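Inside the fold
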Amino acid sequence: MAANHIARVNGRRIWDSRGRPTVEVDIVVEGGASGRAIAPAGASTGSGEAVDLRDGGAAFGGLDVRRAVANVDEIIAPALAGLDVSDQAGIDRLLIELDGTANKASLGGNALIATSLAVLHAAAAAQALPLWRHLAGGAEVTIPLPEIQVFGGGAHAARRVDVQDFMVTCPRSGSFAQALDRTAEVYRAAGQLLSERGLIMGVADEGGYWPAFASNEEALDMLVRAIERAGFTPGDEVAISLDIAASEFGEDGRYRLALDDRELDSDGLCAMLGRWIERYPIVAIEDPLAEDDLEGFRRFTAAYGEKLQVVGDDFLVTSAERVCKAAAGGACNAVLIKPNQAGTVTETKAALDAGKAAGFGTIVSARSGESEDVTIAHLAVGWNAGQLKVGSFARSERMAKWNEVLRIEEALGPGARFARPFG
Ligand code: 2PG
Ligand code: MG
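Definitions and cut-offs
- Every residue gets a number counted from 1 within its own chain, in the order that chain's sequence is written.
- Here chains are named by letter from A upward and ligands by number from 1 upward, in the order in which they appear as written.
- In keeping with the predicted nature of the model, local features appear solely for residues at pLDDT of at least 70, side-chain atom pairs appear and are counted solely at 80 or more, and the whole-chain, interface and lining totals rest on all residues.
- Values reported for side chains reflect all heavy atoms of the structure, with hydrogen atoms and water molecules removed beforehand.
- Only DSSP runs of H or I covering at least 4 residues are called helices, and only runs of E covering at least 2 are called strands; the numbering of each starts at the N terminus.
- Buried means the residue's accessible area, taken with a 1.4 Å probe over protein chains only, is under 20% of the maximum for its type, while exposed means over 50%, and partly exposed covers the values in between.
- Any two residues having at least one pair of non-hydrogen atoms within 4.5 Å are treated as being in contact.
- We define a salt bridge as a contact between a side-chain nitrogen of Lys or Arg and a carboxyl oxygen of Asp or Glu at a distance within 4 Å.
- Atoms of type N, O and S within 2.8 Å of a metal are treated as its donors, and for Na, K and Ca the window is 3.2 Å; water is not considered, so some sites may appear to be missing partners.
- Paired strands, in this sense, are two strands between which DSSP finds at least two bridges.
- To define axes, lines are fitted to C-alpha atoms, for helices over the stretch in contact only, and angles between the resulting N-to-C directions are given on a 0 to 180 degree scale.
- Stacked, tilted and edge-to-face are the three classes assigned to paired rings of Phe, Tyr and Trp, where Trp is represented by its six-membered ring and a pair needs centres within 6.5 Å; plane angles under 30 degrees give stacked, over 60 edge-to-face, the rest tilted.
- Neighbouring residues are identified by heavy atoms, a residue being near a molecule or strand if any of them is within 4 Å of it.
- Pairs of N or O atoms within 3.5 Å make up the polar contacts considered here, provided that, within protein, one atom can donate a hydrogen while the other can accept it, and that residues adjacent in sequence are counted only when both atoms are side-chain atoms.
- Accessible areas in this description were obtained via Shrake-Rupley with a 1.4 Å probe; residue shielding takes into account the shown protein chains only.
- Following the grouping adopted for this structure description, the nonpolar residues are Ala, Val, Leu, Ile, Met, Phe, Trp, Tyr, Cys and Pro, the charged ones are Asp, Glu, Lys and Arg, and the polar ones are all others, Gly among them.
- Those domain boundaries reflect an automatic or database domain assignment.

**A short note on the environment of Ala385**
As for its position among the elements, Ala385 is in the loop between α12 (375-382) and β15 (386-392). Note on Ala385: relative accessible area 7%, which makes it buried. Between the alpha carbons of Ala385 and Lys356 there is a distance of 8.6 Å; along the sequence they are 29 residues apart. Apart from residues no more than four positions distant in its own chain, Ala385 is found in contact with Leu352, Thr362, Val364 and Ala380.

**A closer look at the pattern of salt bridges**
Using the criterion set out here, one finds 31 salt bridges in the structure. Linking Asp64 and Arg13 is a salt bridge whose minimum nitrogen-to-oxygen distance equals 2.6 Å. With Asp64 in the loop between β3 (34-38) and α1 (66-80) and Arg13 in strand β1 (residues 6-15), the pair connects residues that are 51 residues apart, well separated along the chain. In this structure, Arg398 and Glu397 form a salt bridge, with 3.1 Å as the shortest nitrogen-oxygen distance. When sorted by exposure, Arg398 lands in the same class as Glu397, which is buried. The network of salt bridges with shared partners includes Arg12, Glu24, Asp26 and Arg36.

**Side note on the coordination of the magnesium ion (ligand 2)**
The magnesium ion (ligand 2) binds to the protein through Asp243 (OD), Glu286 (OE) and Asp313 (OD); the donor distances cover 2.0 to 2.2 Å. In primary-sequence terms, the residues that donate to the magnesium ion (ligand 2) follow D-x42-E-x26-D. One end of the pair, Glu286, is in strand β11 (residues 282-286); the other, Asp313, is in the loop between β12 (309-312) and α9 (320-329), with 27 residues separating them in the sequence. Comparing Glu286 with Asp313, the two get one shared label, buried.

**Quick look at the pairing of β3**
As defined by bridge partners, strand β2 (residues 21-29) adjoins β3 across five bridges and the pair is classed as antiparallel. What sits directly across from Val25, in β3, is Ala37.

**Focus on the sheet that holds strand β8 (residues 250-251)**
Spatial ordering of the open sheet is given by β8-β9-β10, a layout of three strands whose pairing is antiparallel. Edge positions in the sheet fall to β8 and β10 (262-265), since each of these pairs with one other strand and no more. Note that strand β9 (residues 254-257) and β10 share four bridges and pair antiparallel. Note on β10: the bridge partner recorded for Arg254 is Asp265. With respect to the sheet, helix α7 (residues 266-279) is in contact with β9 and β10, its orientation differing from that of β10 by roughly 105°.

**Re the packing of aromatic side chains**
A complete count under the given rule lists eight aromatic pairs for this structure. Pairing Trp15 with Phe60 gives two aromatic rings, centres 5.2 Å apart and planes at 80°, and the pair type is edge-to-face. Of this pair, Trp15 sits in strand β1 while Phe60 sits in the loop between β3 and α1, and the two are 45 residues apart along the sequence. When its relative accessible area of 40% is taken as the criterion, Trp15 is described as partly exposed. Relative to Phe315, the ring of Phe297 lies with its centre 3.8 Å away and its plane at 10°, an arrangement referred to as stacked. Taken together, the positions of Phe297 in helix α8 (residues 294-304) and Phe315 in the loop between β12 and α9 put the pair 18 residues apart, joining distant regions of the chain.

**A look at the site of ligand 1**
Surrounding ligand 1, one finds 15 residues, the nearest of these being Ala43, Ser44, His156, Arg367 and Ser368. Contacts to ligand 1 include Ala43, whose backbone N or O atom sits 2.7 Å from an oxygen atom. Within the contact set of ligand 1, an oxygen atom lies 2.7 Å away from a side-chain nitrogen or oxygen of Arg367. Coverage of ligand 1 by the protein amounts to 99% of the 310 Å² it exposes when considered alone. Taken together, the residues of the shell around ligand 1 sort by class into two nonpolar, five polar and eight charged. There are two domains that each give the shell around ligand 1 at least three residues, and those are domain 1 (6-128) and domain 2 (142-418).

**Some thoughts on the sheet that holds β1**
Strand pairing in a sheet is mediated by backbone hydrogen bonds. Such pairs are either parallel or antiparallel. As summarised here, the arrangement of the three strands in space is β1-β2-β3, forming an open sheet in which the pairing is antiparallel. Strand pairing shows two members of the sheet lacking a second neighbour, β1 and β3, which therefore form its edges. On average, each strand axis in the sheet is tilted by 15° relative to the strand beside it, whichever way the strands run. Examined bridge by bridge, β1 and β2 share nine bridges and lie antiparallel to one another. Looking at the pairing, Arg13 lines up with Val23 of β2. Each of β1 and β2 is contacted by α1, which is oriented at about 175° to β1, the strand it contacts most.

**Examining the environment of Asp87**
Within the secondary structure, Asp87 sits in the loop between α1 and α2 (88-99). According to the relative accessible area criterion, Asp87 is partly exposed, its value standing at 40%. Along the backbone, Asp87 and Thr45 are 42 residues apart, and their C-alpha atoms lie at a distance of 30 Å.

As structure tokens, then:
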């Protein structure tokens, strides 16, 4: 048997950053090389995502994954035995067929993505290449611009504020390392400001400060102050990026901002965000409207798409088809790329390629439930995504990924090109 052919696949039940069970897959090829990957998990999920297979019942809030792990061992492993790991597309097609559902509910999106990513790692290891280099295939790569959460809200902080991610990004940095340096100062300054005001309440799911604010806008004011206290000019070295995650508080064109005690229609929400765009140095807004509000997305993109990135996450769910439709309808100008929303590496790459073909910004992203797995750092570099979203600047499941990009930047040496998605 050839060296790249799969000798062993095994699933394992491990734990994610929220202390919930998740799926890990190991793949070993005949030549001895191996690959491993861990499925992440979202909390604010789009209805069009690949779904995780969870066991239900009383244990662990119904979130156990024993059936998904069994599917890896009993159904996926025998089907993949002897296949060549370098045929990612062929293996992903087989995984999709084995599952046989549109949303991967049968074998589980968690079983599929961990397997598909483990195949990718095994293929890189079989060539003794770091994953990013294997993905780049000799082409020049860019180091992504990070967007990093400072305050976490929405579904990641018991809806303490309505907006989910208050992030910063440092578009004028000369390198990834410098962007992290600047972010570290802002994160620190934000912590000091909160502690001075008696607002330190710990951190939300992705490591951003728990947002004990009286209004959504107070979070924005505090972020601007933190940037200034860190010694930077808001909108110059450090700018703001938001994930509104509006599907979490709106549907059928009605949006209920609980913290601000306001109910808005689609135009009202667009107008409110428009005022924020005027007042604050915002360069990107993700899911400004709910996933069912196509017209709202179109109007918002028509009004502000020239000025800033309008990013589809729940709205596009890492689907090439949805990206193409959004591009044709002018309903976005950037796409978030989450491998577990698609369910396989091949479908993830197709969504990214569709985004690039449409001239969209492309942002590889982690989930709110994460692990020590750093695959997305390699995907962002090797696929030349241009941007990377991982969560905050605390907690090792987040820092592991930022640190991995630092290592890649070092490996590229002085020739490393840093992406400039905002010109
Ligand atoms: C998002 C992600 C990350 P989740 O909405 O972009 O912040 O959250 O993984 O819960 O979907
Ligand atoms: Mg999002």
